[in-house]
Amino acid sequence: MPHKVRVLDVSARDGLQNEPQLVSAAVKIELVQKLAAVGLQEIEVTSYVSPKWIPQMADNHEVMSGLRRDKNVKYSVLVPNMKGFEAAILDRPDEIVVFGAASEAFSQKNINCSIAHSVERFEPVVQAALAAGISVRGAMSCTVGCPYEGDVSPKQVGYLAGLLKQIGVQRVDVADTIGVGTPLKVQRAIEATLEHFATDDISGHFHDTYGQALANTLASMELGIWNFQSSVAGLGGCPYAKGATGNVASEDLIFMLHGMGFDTGVDLDALVDVGVYISEKLGRPTNSRVAKAILNKRTQ
Ligand SMILES: CC(C)(COP(=O)([O-])OP(=O)([O-])OC[C@H]1O[C@@H](n2cnc3c(N)ncnc32)[C@H](O)[C@@H]1OP(=O)([O-])[O-])[C@@H](O)C(=O)NCCC(=O)NCCSC(=O)C[C@@](C)(O)CC(=O)[O-]
């Protein structure tokens, strides 16, 4: 078991990117500010991708430049290529995220190129970011299962992790994009990643489609992993992973971690209110079971 944990909230990016109705930049800014105010130290804010592919993220500049930044918070953004990097750098993110996939089919659907080509595209982005003093994370989608190919082997995960390491990516996310992972499969994916990255440099990013995300979190912790990503109110999904639901809810993850005696630095009650804020803006109830329980208790 690790001695500490860190939670990175991805709701403003992963959580909202799949929403069919455009959410205003003002609401996104408010969401990010509220997440920082309740104690989250890492927040994924937006992505600099093609607005034709992901219209919800077209306001990336407006959102990033509209933030009142907290110096204790690391603000990250997704960047798929140099065009995205050139736009992102104007907004001075603390970290950029290049995003690849362990499955060829998902790579093609998501970023319109093969795994090998994606890494060629990432290389100058990584070099430019590091030269500018910006940290670089690599997201690895479909590390246990792919919506197009089915099971994904640890060998495929190790292949991508090795390529990302070679081009200078500093830390990586092991993502279960469609939430089909179960604890032992997730451990195999993490072990394949550990051949290239240190325990401290690996995060778990688990979608909760089949209700396995917390079990997968615990299984990752058994391997010493202590960085996890989640989304307030359990928002999220990728437009290229149909049927997959949101990330594990930040409220659920933090409730579990607090229950295990970890200090996340996050005020859970206040985080529940952030989930209520964004859920009301989206016009539907929260997906977080912990938030529902806390809200029920408040009305008793
Ligand atoms: C990667 C590309 C851009 C390649 O897209 P492409 O069509 O192959 O690229 P292209 O270079 O041929 O350019 C085509 C058009 O896109 C424009 N373009 C090109 N690049 C950019 C850019 N950076 N920003 C803005 N515009 C851009 C470019 O200027 C051109 O515009 P046009 O001349 O047709 O008007 C495209 O496929 C894309 O944007 N895909 C979006 C992928 C995405 O955002 N997916 C969701 C995030 S990943 C995820 O959710 C998974 C994760 C991370 O959460 C982990 C997990 O759970 O799995």
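Procedures and definitions
- Residues numbered from 1 in each chain as written.
- Predicted model: local features only at pLDDT ≥ 70, side-chain atom pairs only at ≥ 80, totals over all residues.
- Heavy atoms only, no water.
- pLDDT = per-residue confidence, 0-100.
- Pairing = 2+ DSSP bridges.
- Helix = DSSP H or I, 4+ residues; strand = E, 2+ residues; numbered from the N terminus.
- Axes fitted to C-alpha atoms, helices over the stretch in contact; angles between N-to-C directions.
- Contact = heavy atoms within 4.5 Å.
- Near = heavy atom within 4 Å.
- Polar contact = N/O pair within 3.5 Å; in protein donor to acceptor, adjacent residues only side chain to side chain.
- Areas by Shrake-Rupley, 256 points an atom, 1.4 Å probe, with all protein chains shown as cover.
- Nonpolar A, V, L, I, M, F, W, Y, C, P; charged D, E, K, R; others polar.
- UniProt positions renumbered as here; feature names shortened; annotations may be inferred.
- Salt bridge = Lys/Arg side-chain N within 4 Å of Asp/Glu carboxyl O.
- Buried < 20%, exposed > 50% of the residue type's maximum accessible area, 1.4 Å probe, protein only.
- Right-handed = clockwise from strand over helix to strand, strands pointing away.

A. Representation of the confidence of the model for the protein chain. Overall, the prediction assigns the protein chain a mean pLDDT of 97, with 100% of residues at 70 or greater. Predicted complex, confidence summary: ipTM 0.98, pTM 0.97.

B. Looking closely at the sheet that holds strand S1 (residues 6-9). The strand order around the closed barrel formed by 8 strands is S1-S2-S3-S4-S5-S8-S9-S10, and the pairing between neighbours is parallel. In this sheet, adjacent strand axes meet at a mean angle of 25 degrees when their direction is disregarded. Pairing geometry for S1 and strand S2 (residues 42-47), over 2 bridges, is parallel. Looking at the pairing, Leu-8 lines up with Glu-42 of S2. Sitting on the sheet, helix H9 (residues 213-221) touches strand S8 (171-176), strand S9 (202-206) and strand S10 (227-230), and the angle it makes with S9 is about 165 degrees.

C. Examining the site of the ligand more closely. Inspection of the region around the ligand gives 27 residues, with Gln-17, Asn-110, Asn-112, Ser-141 and Thr-177 positioned closest. Contact distances for the ligand include 2.9 Å between an oxygen atom and a backbone N or O atom of Ser-50. Look at the ligand: alone it shows 1,100 Å² of surface, and the protein chains cover 75% of it. Secondary-structure elements contributing two or more residues to the shell around the ligand are helix H1 (11-15), helix H4 (82-89), helix H5 (104-111) and strand S5 (135-141). Tallied by class, the residues present in the shell around the ligand amount to 12 nonpolar, 10 polar and 5 charged.

D. Summary view of the UniProt feature "domain: Pyruvate carboxyltransferase" (unreviewed entry) in the protein chain. Within the UniProt annotation, "domain: Pyruvate carboxyltransferase" (unreviewed entry) is assigned to residues 5-272. Taken end to end, residues 5-272 has its terminal C-alpha atoms 20 Å apart, with 40% of it in helix and 18% in strand.

E. Structural view of the pattern of salt bridges. In this structure the tally under the stated criterion is 16 salt bridges. Close ionic contact of Lys-28 with Asp-59 constitutes a salt bridge, the shortest N to O distance being 2.8 Å. With a gap of 31 residues between them, Lys-28 in helix H2 (residues 25-37) and Asp-59 in the loop between S2 and helix H3 (60-66) connect regions that are remote in the sequence. A residue is classified by how much of its surface remains accessible, and Lys-28, at 3% relative accessible area, is buried. Overall, the relative accessible area of 14% leaves Asp-59 in the buried class.

F. Representation of the environment of Val-38 in the model. Looking at the element boundaries, Val-38 is found in the loop between H2 and S2. With relative accessibility at 8%, the residue Val-38 sits in the buried group. In this structure, the C-alpha to C-alpha distance between Val-38 and Val-274, residues 236 residues apart in sequence, is 8.5 Å.

G. The arrangement of the pairing of S9 in detail. Of all the 5 residues making up S9, 5 are buried; the element is thus mostly covered by neighbouring parts of the structure. Alternating residues of S9 divide into Ile-202, Gly-204 and Phe-206 and Ser-203 and His-205, and every residue in both groups is buried. Pairing between S8 and S9: 5 bridges, direction parallel. By the bridge assignment for S9, Ala-175 is matched with His-205. Following the chain from S8 across helix H8 (residues 183-194) to the adjacent parallel S9, one finds a crossover that is right-handed. Here S9 runs beside S10; their pairing, made up of 3 bridges, is parallel. Bridge pairing links Ser-203 to Asn-227 in S10. The β-α-β motif built from S9, the intervening H9 and the parallel element S10 has right-handed crossover chirality.

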